[in-house]
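Structural overview
Listed here are the chains, written in short residue letters.
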Amino acid sequence: MFTQTLTKKVLRSPLVDLLTGPHGVDRYTELVDPIWTTDARARVVDVRRSTPRSVTLLLEPNAAVVSHRAGQHVNLTVEIDGRRHTRCYSPASAEGAALIELTIGSHDGGLVSNHLYRHARPGMVLGLSEPAGEFLLPAPRPRRVLFVSGGSGITPVMSMLRTLLAEGHDGEIAFVHYARTPAEACYRTELAEMAATGVRVLHGYTRSPGGELDGRFGLEHLKIAMAEPDAVYVCGPPALVDAVRDHCPNALSESFVPVPFVLPDTPSGGRITFRDSAIETTDDGRPLLDQAEAAGLTPTSGCRMGICHTCTRRKHRGAVRNLTTGTVSTADEEDVQICVSVPVGDVELAL
Ligand SMILES: Cc1cc2nc3c(=O)[nH]c(=O)nc-3n(C[C@H](O)[C@H](O)[C@H](O)COP(=O)(O)OP(=O)(O)OC[C@H]3O[C@@H](n4cnc5c(N)ncnc54)[C@H](O)[C@@H]3O)c2cc1C
Ligand code: FES
C-alpha cells in the first residue's frame, strides 16, 4: 500500500512531469508495461467462463485504481476495433480484495459484454474509473441481512456477502438468487460452500425446475428466506426489484437496465446546435444523446441512464431538463449528462 501511494506521488510530481514533457510520464512508462500509468488501469490476470452466458475477469489494478466499497460500480473502458467503449460494472470481489473480480453477463446484440465474453484473455488491459454508487452496506452492519439478486445482478450483492463474511459477520444472512437454469446461476459452487457455513442460500430458476424456490419472488419466498430482516438489498431486473420492494419497502435496490424515461408530451421545438460539428437540428423531445446520434454524431456514452457520466458534455448555452431529477438548468457553460437531458428551447452543445 505504501509503495503504491509513493509510486502514485512520484509519477504525478511536477518534476517528473517537467522531465517527461511534452508527452507526460505515461507515454514512456506504458511502453514498458501498459498498466504503469497515472490513469487507473487494470490487467486481466484470469478469465473464467463458469456459466454458458457469463465471463468472470480477475483484474490486477495499477496504483491509480481506487478500491471499491461493496456494492459500488466502476466504469470499465475497453477498446474495440480502435474505438474506446465504456460500460458500468459492479465488482463482485470483497472490499479490500487484492484483485478486482467482474462477472459480465453476455447480452444478445450487446457490444461490450459480448466482446469481453468472447475475447477477454489474460494480459488484456482495461481502463477503470473511480468507484461510485450509493448501493452500500451501512456501518454498523445490520444483523439480519437478506440479499436478493437476479441474473448478472448478483455481482454487487456477492461483493456485500463476501465482505460481510470476510469481516466475520456473526448475524444471519440469507441469499436468494434467480437465474434461468442451474447452469446459468453464477457463483453456485461458492454459494453452496457458504451454505455449509451457515448462510441461507436459496435459488429460484425461471426456465427450469430444481431450485429451492418455485416461481417468482413474492411473500412466499420472503417467508422461506428470512422473516423480518433488518436490511434487504436487491439487484436485478426492474420487475424483481419492484416485487421485492412491494414486500420490503425499505429495501435498497439497484438495477442494471434503464427505467424508461417519461419524455415531454410535446417537444420544445427549439434549435439544437452541435457547435463543434456545425450541425443543427430541431428538438424532437428525446434526450440530447439520442438526438445527436440521429444527427449522425457518435458521442461517447455508457449506461444511458445518468449513472456513469461518460456522456457528459459542455452546454454552452440554453436550458435543459434532467429526466432523472426533473431539474431545469439554464446556466451557460455548464456540463450536462446528455443521455438524460432534454432541451427546453434552444440549446448549444460542445459536440
Ligand atoms: C450500475 C451498473 C452496474 C452494472 N454492473 C454490471 C455487472 O456487474 N455485470 C453485468 O453483466 N452488467 C452490469 N451492468 C450492465 C452493463 O453496464 C451493460 O449495460 C451490459 O454489459 C450491456 O452492455 P453491452 O455493451 O453489451 O450492450 P449495449 O451494446 O450497450 O446494448 C445495451 C442493450 O441493448 C441491447 N441491444 C444492443 N444492440 C441491439 C440491437 N441491435 N437490437 C436489439 N437490442 C440491442 C443489448 O442486448 C443490450 O441489452 C451494470 C450496469 C449499471 C448501470
Ligand atoms: S451515458 Fe452514463 S451518464 Fe450518460
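The notes below deal with the structure included here. As the structure is a computational prediction, the values presented were derived from the model and not from experiment.

1. Let's talk about unusual backbone geometry
- Looking along the chain, the bond that leaves Ala139 and enters Pro140 is cis, with omega of -5 degrees.
- With respect to the helices and strands, the residue Pro140 is situated in the loop between strand 6 (125-128) and strand 7 (144-150).
- Positioned with a positive phi, Glu228 is a non-glycine residue whose angle comes to about 50 degrees.
- Among the structural elements, Glu228 can be located in the loop between helix 7 (219-225) and strand 10 (231-235).
- Positive phi, normally seen in glycine, also occurs at Glu333, with a value near 50 degrees.
- Here Glu333 shows up in the loop between strand 15 (328-329) and strand 16 (334-337).
- We classify Glu333 as partly exposed; its relative accessible area is 40%.

2. Thoughts on the packing of aromatic side chains
- Under the criterion given, the structure shown has three aromatic pairs.
- Summarising the aromatic geometry, the rings of Phe147 and Phe175 are spaced 6.0 Å apart at their centres and angled 50 degrees between planes, so their arrangement reads as tilted. Here Phe175 lies in strand 8 (residues 172-179) and Phe147 lies in strand 7, a separation of 28 residues in the sequence. Neither residue differs from the other here; Phe147 and Phe175 are each classed as buried.

3. Digging into the sheet that holds strand 4 (residues 83-89)
- If you walk across this open sheet you meet the six strands as 4-3-6-1-2-5, and the pairing is antiparallel. Lying at the two open borders of the sheet, with one neighbouring strand each, are strand 4 and strand 5 (100-105). Shown here is a sheet whose adjacent strand axes are inclined to one another by a mean of 40 degrees, direction ignored.
- Here strand 1 (residues 41-51) runs beside strand 6; their pairing, made up of three bridges, is antiparallel. By the bridge assignment, Ala42 is partnered in strand 6 with Leu126.
- Packed on one face of the sheet, helix 4 (residues 111-119) meets strand 1, strand 2 (54-61), strand 3 (74-80), strand 4, strand 5 and strand 6 and runs near 70 degrees to strand 3.

4. Details of the pairing of strand 3
- Burial within strand 3 is extensive, with six of its seven residues counted as buried.
- Relative to strand 4, strand 3 runs antiparallel, the two being bridged by seven bridges. By the bridge assignment for strand 4, Thr77 is matched with Thr86.
- Between strand 3 and strand 4, which follow one another and run antiparallel, lie two residues, and Asp81 among them has a positive phi close to 50 degrees.
- Here strand 3 pairs with strand 6 via two bridges, running antiparallel.

5. Here we look at the packing of helix 5 (residues 154-167) against helix 6 (residues 188-196)
- Packing of helix 5 against helix 6 brings their axes to within 13 Å, and their N-to-C directions diverge by 35 degrees. In this structure, helix 5 crosses over helix 6, and the sense of that crossing is left-handed. The segment helix 5 lies against helix 6, with Ile154, Met158, Leu161, Arg162 and Leu165 engaging Glu190, Leu191 and Met194.
- Looking at the contact of helix 5 with helix 6, its residues break down into six nonpolar, no polar and two charged.

6. Side note on the site of ligand 1
- In the vicinity of ligand 1 lie 21 residues, with Arg87, Cys88, Tyr89, Asp108 and Ser113 positioned nearest.
- In this structure, an oxygen atom belonging to ligand 1 sits 2.8 Å away from a main-chain N or O atom of Gly105.
- Within the backbone of Leu111, a nitrogen or oxygen atom sits 2.9 Å from an oxygen atom of ligand 1.
- Out of a free accessible area of 960 Å², ligand 1 has 68% covered by protein chains.
- Its atoms largely coinciding with the cavity grid, ligand 1 occupies the largest pocket.
- Elements with a minimum of two residues in the shell around ligand 1: strand 4, strand 5 and helix 4.
- The residue inventory of the shell around ligand 1, partitioned by class, reads eight nonpolar, 10 polar and three charged.

What counts as what
Residues numbered from 1 in each chain as written. Chains lettered and ligands numbered in written order. Predicted model: local features only at pLDDT ≥ 70, side-chain atom pairs only at ≥ 80, totals over all residues. Heavy atoms only, no water. Helix = DSSP H or I, 4+ residues; strand = E, 2+ residues; numbered from the N terminus. Buried < 20%, exposed > 50% of the residue type's maximum accessible area, 1.4 Å probe, protein only. Phe/Tyr/Trp six-rings, centres within 6.5 Å; stacked < 30°, edge-to-face > 60°. Pairing = 2+ DSSP bridges. Axes fitted to C-alpha atoms, helices over the stretch in contact; angles between N-to-C directions. Contact = heavy atoms within 4.5 Å. Left-handed = near helix turned anticlockwise from the far one by under 90°. Nonpolar A, V, L, I, M, F, W, Y, C, P; charged D, E, K, R; others polar. Near = heavy atom within 4 Å. Polar contact = N/O pair within 3.5 Å; in protein donor to acceptor, adjacent residues only side chain to side chain. Areas by Shrake-Rupley, 256 points an atom, 1.4 Å probe, with all protein chains shown as cover. 1 Å grid on protein atoms, 1.4 Å probe; cavity = no way out; pocket = protein on both sides within 12 Å on 5 of 7 lines; lining within 4 Å. Sits in = over half its atoms within 2 Å of the grid points.

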